[in-house]
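As a plain string of letters, each chain reads:
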Amino acid sequence: MKNSSLRALAAWSCGLLLTAACGAGPAPAAKETLVPVPPPPGPARSLPPATLIGVADTPKGTIVVDAEGRALYVYAEDPRSTARKRATPKCTGACAATWPPALAPGGMPVALPGITPASLGVVVREDGGKQITLDGHPLYRYSGDTAPRQTNGDGTDPAWRLATPPTR
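Residues numbered from 1 in each chain as written. Predicted model: local features only at pLDDT ≥ 70, side-chain atom pairs only at ≥ 80, totals over all residues. Heavy atoms only, no water.

### Observations regarding the pattern of salt bridges
Pairing is possible between side chains of opposite charge, provided their charged atoms come close. Rules: Should a side-chain nitrogen of Lys or Arg be within 4 Å of a carboxyl oxygen of Asp or Glu, the pair is scored as a salt bridge. In this text, helices come from DSSP runs of H or I with a minimum length of four residues, and strands from runs of E with a minimum of two, each type numbered from the N-terminal end. Each residue gets one of three labels from its accessible area relative to the maximum for its type: buried under 20%, exposed over 50%, partly exposed in between, using a 1.4 Å probe on protein chains only.
Evaluation of the coordinates by the stated rule reveals three salt bridges. The partner of D154 in a salt bridge is K60, and the shortest N-O contact between them spans 3.2 Å. Separated by 94 residues along the polypeptide, D154 in the loop between β7 (137-140) and β8 (160-162) and K60 in the loop between β1 (52-58) and β2 (61-66) bring together distant segments of the chain. As a salt-bridge pair, R125 and D127 come within 4.0 Å of each other at their nearest N and O atoms. Under the relative-accessibility criterion, R125 is labelled buried at 7%. When its relative accessible area of 62% is taken as the criterion, D127 is described as exposed.

### Remarks on the state of the cysteines
Short version of the rule: Any pair of cysteine sulfurs within 2.5 Å is marked as a disulfide.
By the definition in use, this model includes one disulfide. Here C91 pairs with C95 through a disulfide, and the sulfurs are 2.0 Å apart. Measuring the twist about the S-S bond at about -110°, one finds the C91-C95 disulfide to be left-handed. Residue C91 is classed as buried on the basis of its relative accessible area, which comes to 0%.

### Let's talk about the environment of N152
Heads up, the condition is: Whether two residues touch is decided by their heavy atoms; if any such pair falls within 4.5 Å, the residues are in contact. Counted as a polar contact is a pair of N or O atoms within 3.5 Å, where, for protein atoms, one must be capable of donating a hydrogen and the other of accepting one, and residues adjacent in sequence contribute only when both atoms are in side chains.
Within the element layout of this structure, N152 appears in the loop between β7 and β8. Accessibility expressed as a relative area gives 41% for N152, which makes it partly exposed. In this structure the C-alpha to C-alpha distance between N152 and Y142, which are 10 residues apart in sequence, comes to 7.6 Å. Leaving out residues up to four positions away in the same chain, N152 has contacts with Y73, Y142, G144 and D145. In terms of polar contacts, N152 uses its side chain to reach the backbone carbonyl oxygen of G144, at 2.9 Å.

### A few points about the packing of aromatic side chains
Using the following cut-off: The pairing test for Phe, Tyr and Trp rings, Trp by its six-membered ring, is centres within 6.5 Å, and the orientation test on the planes gives stacked under 30 degrees, edge-to-face over 60, and tilted for anything in between.
Inspection of every chain in the model, using the stated rule, returns six aromatic pairs. Summarising the aromatic geometry, the rings of Y75 and W160 are spaced 4.3 Å apart at their centres and angled 20° between planes, so their arrangement reads as stacked. Taken together, the positions of Y75 in strand β3 (residues 73-75) and W160 in strand β8 put the pair 85 residues apart, joining distant regions of the chain. Side by side, Y75 and W160 carry an identical accessibility label, which is buried.

### Brief notes about the pairing of β2
A regular strand places its side chains so that they alternate between the two faces of the sheet. So the rule is basically this: Only when DSSP finds a minimum of two bridges between them are two strands counted as paired.
Pairing analysis gives six bridges linking β1 to β2, with the strands arranged antiparallel. The residue of β2 that forms the bridge with G54 is V65. Following β1, the chain reverses through two residues before pairing antiparallel with β2.

### Things to note about unusual backbone geometry
At D135, a position not held by glycine, the phi torsion is positive, near 50°. Relative to the elements of secondary structure, D135 occurs in the loop between β6 (130-134) and β7. The partly exposed category is assigned to D135, whose relative accessible area is 22%. Phi at R149 is positive, roughly 65°, even though this residue is not glycine. Relative to the elements of secondary structure, R149 occurs in the loop between β7 and β8. Look at R149 and you get partly exposed, because its relative accessible area is 48%.

Function cannot be read off these values alone, since they describe shape.
Below, the structure is given as structure tokens:
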């Protein structure tokens with residue numbers, strides 16, 4: 001091949017490469033349209049944590065405790081709630097400062113081993129709080145119990161006693 005033929009072939013090859021590089025390649029992708037998704041109306045909501053109720057062994061025997069292992073108590077002055085009658089707990093105000101109600105902000109409490117699920121319920125307090133019940137008896141904590149399995153409230157008043165698991 002002559003020199004001039006090689007140059008012509010080289011020029012033709014370069015032209016072919018430039019054409020491919022400058023737009024004869026694949027078609028451009030279609031332009032993507034993004035549609036914003038609005039957040040759901042109102043404040044973000046999450047499910048409240050479940051309130052767990054179980055049992056613990058103490059020097060006073062097997063007692064009912066919350067998820068933190070704190071003792072729960074019943075008040076003799078409270079009427080018992082039944083399926084037909086939802087009684088309102090009597091311990092309010094100053095009484096509730098010493099004996100805070102065991103509340104279930106998420107609704108129904110969850111039974112841990114040692115507690116019969118059917119024995120748990122809730123009753124609505126005058127302030128709207130949902131207080132946990134065990135066999136219809138509202139449950140409370142004692143402000144003097146500061147650690148798991150403490151039972152300092154037992155015996156402070158004859159109307160208060162430790163909650164014990166139902167026997168069935």
